[in-house]
Every structure is written in structure tokens, then in C-alpha cells.
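Close look at the chain arrangement
Spelled out from the first residue to the last, the chains are:
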Amino acid sequence: MTTVEDLYLGVIRDSITRHPRSLQKRIGPSEIGKPCDRWILHKLNGDGEPDRGPAWKPAIGTAVHDQLERWFDAANRHGGEVEHAEWITEWQVTVGTIGGTSITGHSDLFHVPTGTVIDHKIVGPKQLTKYRIHGPSQQYRVQAHLYGKGFTDDGGWGTCRTVAIAFLPRDGELQNAVFWSEPYNPHLAGEAMLRANRLNLLLQVAGLDGALAASPLCDDEWCTWCRTEKRAQHRAAGGSLFDVPPAEPTPAAGNAIPPLAVLPIPERTCEHCGWQSHERRENTAEWERSWQVHEQLLCPARPAAPVTPLRPAAPPATIAQLCDDCGLPLHPAAAADGSTVHPTCIAPFPPAPRPIPSTPQPAAAAPAPIRNLFDR
């Protein structure tokens, strides 16, 4: 018999399952920054995520996003006129292409006057503390910068200058919110798109099985595909259904390192005084260190260190004679010959002698006037 409780929870489960966010199979900007290559390969292949039950926490985030959209739309001045809008909510942007297919997404918020992309994240108290101390994950950073790339490439609302993420408490008060921001970096967005295109090319060439074989399982606890495959491998190996141990790296057969307890340590006695180390032989590092200290410092019969003869003192450096013309040092051979200038400092043609002024002569007396005898 169906109870009211079953009907109540059934409506919630069906609504979450039929939500467009739950039905979306194509990869979007929020997923391109995932650290797991296998997750992106599954998403590029169009695979649906393994069933994990109703996504209640994402549903809470979606509901808060809807309310925030209404609040910021109402905060726009001038009656919501587009040319005077300050806050742009849920705007669709194209962040790039993967294999020739345009990748679009909806940015939560864009502040036009400052060119700031803002993404809302509704998180629990532990995640809030982690983001307050360490900042956002690389996946969240990539998502914000991809939205910034979309606005910049479109250009309709202006160039993106800053990206921000608002971490809002799901189980706390607004005063506990964390607001993180950094300058927009187009290289970060471009590298994420290049990685997605590289994985898409691998998928097209090698197929899904070949691409997955070339990509190791990740350690992300939120990766549904790797977590499911680890559990399947553990069950196939005869392990418990409820105990999935973390994967540990296994060294290759040729590079296997035996434990320290079985490493052979040779017998050793000081040849000068017969001393033996008191350290346990299992502790190889301390055992070797004690030998070094004994041989170099403590052994009473250790041979004296050889005396290194002193090197003869170098003769005192001669003070170089300087050129009288240019002031630079003269070569020792030139100085020994008695030269006081560089040969190159002597002009090839000596200057003409300066003229000697003549001795001034006394002024000549004025000649007497000539008298004409015929002039009476």
C-alpha cells in the first residue's frame, strides 16, 4: 500500500530526475575542468552518469540559483532596460568548440560596470571552511574563466576583467559566505579547451575502451565513474562489497624494493679499536650514521689526518704604472723600457710647432715733407 510519505518523496524524486540539469549528457563549462580524464571521456562519449540516487544537494543549489536570479534582476535600475542593465543573470555564452561542436553554458551572473563574472556555489560547512582556507578547486576556477572567455569572445556586454566565485552556506548564515576572485586569465581557459580537444581526439582514434585503458583511475571521491569501476574491480577480486580500499601504487616486478628489515647489512668492526655500533641493524640509516661519527670523531686510534703543506705566499702584486695620456695601465715591458705613454696614444704625425710672436719694433718717424724747388 502506498503511503502519503511515499507519494510525497516520489514527487520530489521524479522532479529531480526529470530536471534538465539531470538529463543533460553533453559536456558543459562546469565539467571541462574535472581533474579526471576518464570522467571527461565518458562525458564526451555521451554516457549517462552511474545512478547515485536523487541529487538532493544539487537540487537545493538549483533552487537557490533561481531565487538569486530574481533578486539580481530586480536590482537592475531603469526598470530593467537592457542598455542600462548592471547585472546580467543566466546569460548563455559559448566558451569554445570541442571537435567542431560549440560548447555553451549559462553564466550565473555578470556585473557589467566592473566586467566581473560571478558564479554561485551553495556548499556545506566543511566545504565552506576548505574554500575559505585554500580557495576554490581547479574545476571551479576553470569554469569561471571559461565563462569569462565566453563574455570576452562575445563582446556584447564588454570584456571580462575579473572572475569570482561566491560560496554561499547551505547550512549557515549569509555572514559566513566566502567571496573569492582573481583577474581573468584567458590562458587558463584556453588550456582547458585544448585538454578537452586532446581527449576528444583520443576518443575518436582509440575508441572509448582504448581511451579508458590509456587513462588511469582517479582518486577523486566525487568521481562517480572511477568510484563505480573501483568497486567493480574490488568485487571481481573477491573483496567485500562494503569495503573498497584506496588504490595503492604497485611497483613493477623488476623495481620491487624489499623491506628494510631484510636488507643485508654486512658485519662491521672498527679495525683500529674494535668498536661496533650499538644501533639496531634494522635501522640502516642510524646504523650508518653512527659509523661515520665514530670513524671521523670518536675513534681513539684513528690515524691522524695528513697535514697539507702550506702553499707559499704569493709575491706582492706590483702596482701598475699608468699612461700619462689616457690613464690606463701600461704593459710591464713598456714600463720597463721607460715609456710613460702607450704607443697608440702617440699621434702618428706630431702637431706643427706653435708660432713664436715677433718682438715689437719701435714705430718709424714720420718722413719730412718734400719741398718743390720750383714752387715759389
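Here the structure is a predicted model, which means the values were calculated and not measured.

1. Here's the deal with unusual backbone geometry
With a phi close to 45 degrees, Glu90 is a non-glycine residue in the positive phi region. You can see Glu90 is positioned in strand E1 (residues 87–98). Residue Glu90 is classed as partly exposed on the basis of its relative accessible area of 26%.

2. What to know about the environment of Thr116
Note that Thr116 resides in strand E3 (residues 116–123). The exposure class of Thr116 is buried, given its relative accessible area of 12%. When the C-alpha atoms of Thr116 and Trp87 are compared, they prove to be 9.9 Å apart, with 29 residues separating the residues in sequence. Apart from the residues lying within four places of it in its own chain, the contact partners of Thr116 are Leu109, Phe110, His111, Thr162 and Ala164. A distance of 2.9 Å separates the side chain of Thr116 from the side chain of Thr114, its partner in a polar contact.

3. A closer look at helix H7 (residues 138–154)
An ideal rise of 1.5 Å per residue puts 24 Å on 17 residues; H7 measures up with 24 Å between its terminal C-alpha atoms. Burial analysis of H7 places 12 of its 17 residues in the buried class, the great majority of the element. Buried within H7 we find Gln139, Tyr140, Val142, Gln143, Ala144, His145, Leu146, Tyr147, Gly148, Lys149, Gly150 and Phe151. Gly155 lies just past H7 and shows a positive phi near 75 degrees.

4. Digging into the nonpolar core
Residues Ile32, Ile98 and Phe167 are the most contacted members of the largest nonpolar core, which totals 38 residues. It is helix H8 (residues 186–213) that contributes the most residues to this core, 8 residues altogether. Not counting residues within four places of it along the chain, the set of residues in contact with Ile32 comprises Ile27, Ile40, Ile98, Ile103, Leu146, Ala192, Met193, Arg195 and Ala196. Formed by 6 residues, the second largest nonpolar core is a distinct cluster that contains Cys36, Trp39, Cys218 and Cys223.

5. Points about the packing of aromatic side chains
The tally for this structure, following the rule as stated, stands at 6 aromatic pairs. Across from the ring centre of Tyr140, 4.3 Å away, lies the NZ or CZ of Lys121, which sits over that ring.

About the thresholds
- Residues numbered from 1 in each chain as written.
- Predicted model: local features only at pLDDT ≥ 70, side-chain atom pairs only at ≥ 80, totals over all residues.
- Heavy atoms only, no water.
- Helix = DSSP H or I, 4+ residues; strand = E, 2+ residues; numbered from the N terminus.
- Buried < 20%, exposed > 50% of the residue type's maximum accessible area, 1.4 Å probe, protein only.
- Contact = heavy atoms within 4.5 Å.
- Polar contact = N/O pair within 3.5 Å; in protein donor to acceptor, adjacent residues only side chain to side chain.
- Expected span 1.5 Å × (residues − 1).
- Core = buried A, V, L, I, M, F, W, Y, C linked by side-chain atoms within 4.5 Å.
- Phe/Tyr/Trp six-rings, centres within 6.5 Å; stacked < 30°, edge-to-face > 60°.
- Lys NZ or Arg CZ within 6 Å of the ring centre and 35° of its normal.

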